[in-house]
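Tertiary structure, described
Residue-level listing of the chains:
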Amino acid sequence: MQIYSMRKGKNEDASPTTDRACPTLGFSSPLLPHNCVFARIPSLPSQYSSFPGLVHGGILATLVDDIAYWSLFHCTRQLALTSSLQMKYSSPAKIGEELYGLGVVQTIPSARNDSDGAGKGKGREGRMVVRLYNKKGRMICEGQVVYTVAPTSMLRGVFGEGTMTQLQNAKL
């Protein structure tokens, strides 16, 4: 995924600042001010279809999850893990169709506690809503995503030391 930054309060063209690779699918994501991330998802090939000509719902859920994560990371610079993902599908996404996503952070988690798990609970959860649209502006789906900020020791076990260092040093 390519990350973009935009000037606060201005609706101007975004310029790329750094590259990020979505592990499943690549897409461009200009960062908006405050609590939003915008993503441009290039047309998806037929390998992502379920029924002929339609994007599989699991692929759409993956995109929603990824946009939600980058929304949270943009706002908080905290690493977190998906706790839950609820999807509502409104309209089919067609193979070969460019999609757009908007991720909005609704609840920002409290600061990470690096102890042995103390501080677990709702204060450590971030809540995001992500909507995917087609080029005509029709909503394809909406996802409600909850992330939990975990202790650094747990995240190192999940991501590995190299990935942790890359994520912590990411410049947005």
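Residues numbered from 1 in each chain as written. Predicted model: local features only at pLDDT ≥ 70, side-chain atom pairs only at ≥ 80, totals over all residues. Heavy atoms only, no water.

Turning our attention to the overall build of the protein chain. Summing up its helical and strand segments, the protein chain has three helices and eight strands in all. Put simply, the protein chain runs from its N terminus to its C terminus through helices and strands in the order β-β-β-β-α-β-β-β-β-α-α. Within the protein chain, buried positions represent 40% of all 172 residues. In the protein chain, the proportion of contacts linking residues at least 24 apart, taken out of those at least 6 apart, comes to 67%. Accessible surface, the protein chain: about 9,100 Å² in total, of which carbon and sulfur atoms supply 51%. (Helix = DSSP H or I, 4+ residues; strand = E, 2+ residues; numbered from the N terminus. Buried < 20%, exposed > 50% of the residue type's maximum accessible area, 1.4 Å probe, protein only. Contact = heavy atoms within 4.5 Å. Areas by Shrake-Rupley, 256 points an atom, 1.4 Å probe, with all protein chains shown as cover.)

Once that is clear, we can look at the packing of aromatic side chains. Going through the model one piece at a time under the given rule, you end up with five aromatic pairs. Residues Phe 38 and Tyr 100 carry aromatic rings whose centres are separated by 5.9 Å and whose planes lie at 20° to one another, so their mutual orientation is stacked. Taken together, the residues span a long stretch of sequence, with Phe 38 in strand β4 (residues 36-41) and Tyr 100 in strand β6 (residues 99-107) at a distance of 62 residues. What makes Phe 38 partly exposed here is its relative accessible area of 28%. Members of the aromatic cluster, each reached through a chain of ring pairs, are Tyr 69, Trp 70, Phe 73 and Tyr 147. (Phe/Tyr/Trp six-rings, centres within 6.5 Å; stacked < 30°, edge-to-face > 60°.)

Before going further, it helps to spend a moment on the confidence of the model for the protein chain. Scored by pLDDT, the protein chain has a mean of 76; 71% of the residues are at 70 or more. Here residues 1-28 scores under 50 on pLDDT; set against residues more than four positions off or in separate chains, the count is 71 contacts. Predicted confidence is poor over residues 113-119, with pLDDT under 50, and the contacts of this stretch with residues over four places away or in other chains come to nine contacts. (pLDDT = per-residue confidence, 0-100.)

You can see Asn 35 is positioned in the loop between β3 (28-31) and β4. For Asn 35, a relative accessible area of 26% puts it in the partly exposed group. Expressed as a C-alpha distance, the spacing of Asn 35 and Val 104, which sit 69 residues apart in the sequence, is 5.6 Å. In this structure Asn 35 touches Cys 75, Gly 103, Val 104 and Val 105, once residues within four positions along its chain are discounted.

Bringing the pairing of strand β8 (residues 139-149) into the picture now. Most of β8 sits inside the fold, with eight of its 11 residues counted as buried. Both strand β5 (residues 80-89) and β8 contribute to a ladder of nine bridges, which runs antiparallel. If you follow Gln 86 over to β8, its bridge partner there is Gln 144. Two strands pair when backbone bridges link them, and strand β7 (residues 125-134) and β8 are joined in this way by nine bridges, in the antiparallel orientation. (Pairing = 2+ DSSP bridges.)

Within the largest apolar cluster, 32 residues are counted, with the highest numbers of intra-cluster contacts made by Leu 60, Leu 132 and Tyr 147. The set of elements that each furnish at least two residues to this core consists of β4, α1 (57-76), β6, β7, β8 and α3 (161-168). When sequence neighbours within four positions are dropped, the list of residues in contact with Leu 60 reads Val 55, Met 87, Tyr 89, Ala 93, Leu 99, Leu 132, Ile 140 and Cys 141. (Core = buried A, V, L, I, M, F, W, Y, C linked by side-chain atoms within 4.5 Å.)

Oppositely charged side chains may form a pair once their charged atoms are brought near each other. Scanning all chains against the criterion turns up four salt bridges. For Glu 142, the salt bridge goes to Arg 131, with nearest N and O atoms at 2.5 Å. Highlighted residues: Glu 142 in strand β8 and Arg 131 in strand β7, separated in sequence by 11 residues. Looking at Glu 142, the relative accessible area reads 16%, which means it is buried. With a shortest N-O distance of 2.9 Å, Arg 156 and Glu 161 are connected by a salt bridge. With relative accessibility at 31%, the residue Arg 156 sits in the partly exposed group. (Salt bridge = Lys/Arg side-chain N within 4 Å of Asp/Glu carboxyl O.)

We now examine the packing of helix α2 (residues 152-159) against α3. Direction vectors running N to C along α2 and α3 enclose 115°, while the axes themselves pass 7 Å from each other. Between α2 and α3 the crossing geometry is right-handed. Every residue of α3 that contacts α2 at Thr 152, Leu 155, Arg 156 and Phe 159 is listed here: Glu 161, Thr 163, Met 164, Leu 167 and Gln 168. Classifying every residue of the contact of α2 with α3 by side-chain character gives four nonpolar, three polar and two charged. (Axes fitted to C-alpha atoms, helices over the stretch in contact; angles between N-to-C directions. Left-handed = near helix turned anticlockwise from the far one by under 90°. Nonpolar A, V, L, I, M, F, W, Y, C, P; charged D, E, K, R; others polar.)

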